Amino acid sequence: MDNSQYFALAKEWLMSKGLVAMTDFVIFLLLLLVGSQIIAAIARVTEAALERMPRVRPMLASFTLNVLRKTLWVVLLMVALPRIGIDIAPLVAGLGVMGFVVGFAFQESLSNLAAGVMILLNEPFVMGNYIQAGGHSGTVKELNMMATTMFTVDNRVITIPNRVIWGSSIINYSKNDTRRIDMNVRIGYASDLQKATAILHEILAADDRVLKDPKPVIELNEFGDSSMDLIVRPWVKRSDYGDVKFAFNRKLKEAFDREGIERATPQVQHLSS
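Structural notes, computed from the coordinates. Within each chain, residues carry numbers counting from 1 in the order of the written sequence. At least 70 in pLDDT is required for a residue's local features to be given in this predicted model, at least 80 for side-chain atom pairs to be given and counted, and no such filter applies to totals for whole chains, interfaces and linings, which use all residues. Side-chain figures throughout are based on the complete set of non-hydrogen atoms in the structure, without hydrogens or water.

**Concerning the overall build of the chain**
Step number 1: Helix and strand labels come from DSSP, where a helix needs a run of H or I of at least four residues and a strand needs a run of E of at least two; each type is numbered from the N terminus. Of regular secondary structure, the chain possesses seven helices and 11 strands.
Step number 2: Exposure is judged per residue with a 1.4 Å probe applied to protein chains only, and the accessible area is read against the type maximum: over 50% gives exposed, under 20% gives buried, and values in between give partly exposed. Within the chain, buried positions represent 31% of all 273 residues.
Step number 3: Residues are treated as being in contact if the distance between any of their heavy atoms lies within 4.5 Å. Looking at the chain alone, contacts between residues at least 24 apart form 65% of all its contacts between residues at least 6 apart.
Step number 4: Reported accessibility uses the Shrake-Rupley method at a 1.4 Å probe radius. Residues are deemed covered only where the shown protein chains occlude them. About 17300 Å² of surface is accessible on the chain, with carbon and sulfur atoms providing 61% of the total.

Have a look at this one:
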């Protein structure tokens, strides 16, 4: 076949199908152009709406916008590609099967992702909070869609999958401004209960960090085999919790030794940290 025959075939194709093909290609480009503008507009509106929602954190907003954009682009391509003769039905079916296989293989990662979304939506803690979750305690230093990173009091770094965090009880010690210190003081039966109670009140009253409201509670809790057990429950600012507790222990020993109060062993048992 010589060049003139090729030219004749090309001319015939252009005359019969070329106009339709060019029209479809132009429509394809217009769909992409208009569709991209619509996607950008929808993303801007969604971003503005998310910014007005106080419970939506920046990380969740970014994740939501990213998923929205990709989903809309997939829809746009599904509409536009058939205009240029690309049948994506087999591709979509193949992706569906592949998605099932990938989802099964990465089910733990998907669980972490879903748990990360739930944490961001419900906000049981934020960065900088001291929490207990997943069998560990520490200050939250990083929260992403897959894992939570905490620094412990002895400066260890613990990274916990979000599914473990969300699947456990979460105790947030930083949520409120005040905390109650729960302590148990044991004294011997030969000790003067009234005098011991007065000493405990004096120790708490002398510490300006102990709040006056709510008032500290000091009561006889129960009779043990070899001791009378008193509960001591002062309220303090969250930031003073550890310092007040340690100072109380030291002053308690000094005062009881000075006043001759018999202490049962162990002297002080902390019910919670």
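There is more to say after this.
**Things to note about the side chain of N112**
Step number 1: Within the secondary structure layout, N112 lies in helix α4 (residues 107-122).
Step number 2: Here the side chain of N112 touches R163 through a polar contact of 3.1 Å, landing on its backbone nitrogen.
Step number 3: Residues in contact with N112, not counting those within four places in the same chain, are M145, M146, P161, N162 and R163. For this analysis, a polar contact is any N or O atom pair within 3.5 Å, provided that within protein one partner can donate a hydrogen and the other can accept it, and provided that sequence-adjacent residues contribute only side-chain to side-chain pairs.

**Remarks on the nonpolar core**
Step number 1: Working definition of a nonpolar core: buried Ala, Val, Leu, Ile, Met, Phe, Trp, Tyr and Cys residues. They are joined through side-chain atoms within 4.5 Å. Residues V185, I187, L200, V232, F248, L252 and F256 are the most contacted members of the largest nonpolar core, which totals 22 residues.
Step number 2: Looking at this core, the elements with two or more residues in it are β7 (183-187), α6 (193-206), β9 (228-233) and α7 (241-259).
Step number 3: At six residues, α7 tops the list of elements feeding residues into this core.
Step number 4: Ignoring any residue separated from it by four or fewer positions in sequence, one finds F256 in contact with V185, I187, A196, I199, L200, I261 and R263.

**Things to note about α7**
Step number 1: Between the first and last C-alpha of α7 there are 27 Å, a value that for 19 residues agrees with the 27 Å anticipated at 1.5 Å per step.
Step number 2: Taken residue by residue, α7 has Y241, V244, K245, A247, F248, L252, A255 and F256 as its buried positions. Summarising the axial view, the buried residues of α7 lie within an arc of 165°, below the 170-degree limit, and thus occupy one face. Away from its buried face by more than 90 degrees, α7 exposes F246 and R258.
Step number 3: One or two steps after α7, the chain reaches G260, where phi turns positive at roughly 70°. Given the number of residues in a helix, its expected span is that number minus one, multiplied by 1.5 Å. Arc, as used here, means the arc of the directions from the helix axis to the C-beta atoms.

**Regarding the sheet that holds strand β4 (residues 157-161)**
Step number 1: The criterion for strand pairing is that DSSP finds at least two bridges linking the strands in question. Strand order across the open sheet formed by five strands is β4-β3-β2-β1-β5, with antiparallel pairing between neighbours. In this open sheet, the two edge strands, each paired with only one partner strand, are β4 and β5 (171-172).
Step number 2: Of the strand pairs in this sheet, strand β1 (residues 130-133) and strand β2 (residues 136-143) are connected by four bridges, and their pairing is antiparallel. Residue pairing for β2: Q132 is matched across the bridge by S137.

**Some thoughts on the packing of aromatic side chains**
In this description, an aromatic ring pair is defined by two values, namely the gap between the centres and the angle between the planes.
Step number 1: The pairing test for Phe, Tyr and Trp rings, Trp by its six-membered ring, is centres within 6.5 Å, and the orientation test on the planes gives stacked under 30 degrees, edge-to-face over 60, and tilted for anything in between. According to the stated counting rule, one finds three aromatic pairs in the structure shown.
Step number 2: Both rings, one in Y130 and one in Y173, keep their centres 5.7 Å apart while their planes meet at 45°; by these two values the pair is tilted. Of this pair, Y130 sits in strand β1 while Y173 sits in the loop between β5 and β6 (178-180), and the two are 43 residues apart along the sequence.
Step number 3: Given the relative accessible area of 25%, Y130 is considered partly exposed.
Step number 4: Taking relative accessible area as the criterion, Y173 reaches 15% and is therefore assigned buried.

**Examining α6**
Step number 1: Its 14 residues place the ends of α6 20 Å apart at the C-alpha level, agreeing with the 20 Å of an ideal helix rising 1.5 Å per residue.
Step number 2: Each element contacted by the buried residues of α6 is listed here: β7, β8 (217-223), β9 and α7.
Step number 3: By the N-cap criterion, in which a side-chain oxygen at the helix start approaches the backbone nitrogen of a residue two or three places on, α6 is capped by D192, the distance to Q194 being 3.0 Å.

**Some thoughts on the pairing of β8**
Step number 1: Inspection of the sheet shows β8 paired to β9 by six bridges, in the antiparallel sense. Looking at the pairing, E219 lines up with I231 of β9.
Step number 2: What sits between the antiparallel neighbours β8 and β9 is a turn of four residues.

**Concerning the environment of K253**
Step number 1: Inspection of the secondary structure puts K253 in helix α7.
Step number 2: For the pair K253 and R263, spaced 10 residues apart in sequence, the C-alpha to C-alpha distance is 9.0 Å.
Step number 3: One polar contact links K253 to D257, side chain to side chain, over a distance of 2.7 Å.

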